[in-house]
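Overview (structure and organization)
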Amino acid sequence: MPTPIGHALGGLAAGVLIAGRAGPSASVGIRSQSLLWVWALCGVLPDADFLIGDHRGLTHTLGAMCAVGCGTAVIARGQPGLWFAAAASYGTHLLLDWLGGDTAVPLGIMALWPFTDTFYLSPYSLFPAICRQYWSAGCQVDLMQAVVWELLLLGPIAAFALRLRTRHQRHA
Ligand SMILES: [Zn+2]
């Protein structure tokens, strides 16, 4: 499963692309630059479950994604599109984790909860399983390799989204 850097890039790309499509009114009242941090944070947010010791549980589900979208709709009333951008940014985390290697049983994430509590994991790993023995040199090398891979894979997508946003703002 990706590192927080990969998740932040995924969330940023989705948020920027979707909020940009919602038009200039989507960022009225909120500094556009601040939204970049919001999208990146939404991409990382599901892993906050580390803090409560229940990793890959309810925060890694469709239900949580919908809750984030609904919460954003309430907070950002009058700014159409932001709720969808927030939910999509959050949803990238689920997608990227599903595409990542996993070594902890049950493998994968409970992506479709509340409809089912089955854990899902892609048969093809786009991202390596993340080592959690941070104190070991081998683990640190693995983490650095994982970050480089994420930057190579997701960095261009995030850069493309930011470039489109800049063009959109110039023409707005
Ligand atoms: Zn996760």
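Before reading on, note that the structure itself is shown above.
Residues numbered from 1 in each chain as written. Predicted model: local features only at pLDDT ≥ 70, side-chain atom pairs only at ≥ 80, totals over all residues. Heavy atoms only, no water.

1. A look at the state of the cysteines
Inclusion rule: What counts as a disulfide here is a pair of cysteine sulfur atoms lying within 2.5 Å.
Tallying each qualifying case throughout the model produces 1 disulfide. Put simply, cysteine 131 and cysteine 139 are joined by a disulfide, and their sulfur atoms are 2.2 Å apart. Judged by the torsion about the S-S bond (-130 degrees), the cysteine 131/cysteine 139 disulfide is left-handed. Here cysteine 42 stays free of any disulfide, with the sulfur of cysteine 70 as its closest cysteine sulfur at 13 Å.

2. What to know about the pattern of salt bridges
For the record, the criterion: By convention in these notes, a salt bridge is any Lys or Arg side-chain nitrogen within 4 Å of a carboxyl oxygen on Asp or Glu. By definition, any uninterrupted DSSP run of H or I lasting at least four residues is a helix, any uninterrupted run of E lasting at least two residues is a strand, and each is numbered from the N terminus. Accessible area is worked out with a 1.4 Å probe on protein chains only. A residue is then buried under 20% of its type maximum, exposed over 50%, and partly exposed in between.
As enumerated under the stated definition, the model contains 1 salt bridge in all. Between aspartate 102 and arginine 56 there is a salt bridge; the shortest N-O distance is 2.8 Å. Of this pair, aspartate 102 sits in the loop between helix H4 (82-98) and helix H5 (137-171) while arginine 56 sits in the loop between helix H2 (32-44) and helix H3 (62-75), and the two are 46 residues apart along the sequence. On the basis of relative accessibility, which here comes to 17%, the residue aspartate 102 falls in the buried class. Arginine 56 gets classed as buried once you look at its relative accessible area, which sits at 6%.

3. Describing the coordination of the zinc ion
Under the convention used in this document: Distances decide who is a donor: an N, O or S atom must be within 2.8 Å of the metal, or within 3.2 Å for Na, K and Ca. Water is not included, so sites may look incomplete. Site shape is set this way: if four donors have all angles between 85 and 135 degrees, tetrahedral; if opposite donors are over 155 degrees apart and all others between 65 and 115, square planar for four donors and octahedral for six; otherwise irregular.
Protein coordination at the zinc ion comes from Asp47 (OD), His60 (NE2), His93 (NE2) and Asp97 (OD), with a distance range of 2.0 to 2.2 Å. Considering all 4 donor atoms around the zinc ion, the spread of angles at the metal, 87 to 173 degrees, places the coordination shape in the irregular class. Written as a sequence motif, the donor residues of the zinc ion are D-x12-H-x32-H-x3-D. Placement of histidine 60 in the loop between H2 and H3 and of histidine 93 in helix H4 is noted, with a sequence separation of 33 residues between them. Neither histidine 60 nor histidine 93 differs from the other in exposure class; each is buried.

4. What to know about H3
Stated formally: Here, expected helix span is obtained from the residue count minus one, scaled by 1.5 Å. Only heavy atoms enter the contact rule, under which two residues are in contact if any of them lie within 4.5 Å.
For H3, with 14 residues, the first-to-last C-alpha span of 20 Å sits near the 20 Å given by 1.5 Å per residue. Each element contacted by the buried residues of H3 is listed here: H4.

5. As for the environment of alanine 67
Considering the arrangement of structural elements, one finds alanine 67 in helix H3. For alanine 67, a relative accessible area of 48% puts it in the partly exposed group. When the C-alpha positions of alanine 67 and serine 89 are compared, they lie 13 Å apart, and in sequence the two are 22 residues distant.

6. Things to note about the environment of aspartate 49
For clarity, the cut-off: Polar contacts, as used here, are pairs of N or O atoms within 3.5 Å; protein pairs need one atom able to donate a hydrogen and one able to accept it. Residues neighboring in sequence count only if both atoms are side-chain atoms.
The topology assignment puts aspartate 49 in the loop between H2 and H3. Discounting residues that sit within four places of it in the chain, aspartate 49 has contacts with Asp54, His55, Arg56, Gly57, Thr59 and His60. Of the polar contacts made by the side chain of aspartate 49, one reaches the backbone nitrogen of arginine 56; its length is 2.8 Å.

7. Some thoughts on the nonpolar core
What counts here: We call a set of buried Ala, Val, Leu, Ile, Met, Phe, Trp, Tyr and Cys residues a nonpolar core when their side-chain atoms join them within 4.5 Å.
Core analysis: the biggest nonpolar cluster contains 22 residues, and Val16, Trp39 and Leu82 have the highest contact counts within it. When near neighbours in sequence (up to four residues on either side) are disregarded, tryptophan 39 contacts Gly11, Leu12, Gly15, Val16, Ala19, Leu82, Ala85, Ala86 and Ser89. Among the nonpolar cores identified, the runner-up in size contains 5 residues, and Ile130, Cys139, Leu143 and Ala146 belong to it.

8. As for H5
To keep things clear, this is the line we draw: Fitting one axis to the seven residues ending at a residue and another to the seven starting there, the bend at that residue is the angle between the two axes.
An ideal rise of 1.5 Å per residue puts 51 Å on 35 residues; H5 measures up with 49 Å between its terminal C-alpha atoms. Residue leucine 154 marks the point of greatest curvature in H5, where the axis turns by about 40 degrees; the proline proline 156 follows within four residues. Among the residues of H5, Cys139, Leu143, Ala146, Val147, Glu150, Leu154, Gly155, Ala158, Ala161 and Arg165 are the ones counted as buried.

Shape is all these values report; function is a separate question.
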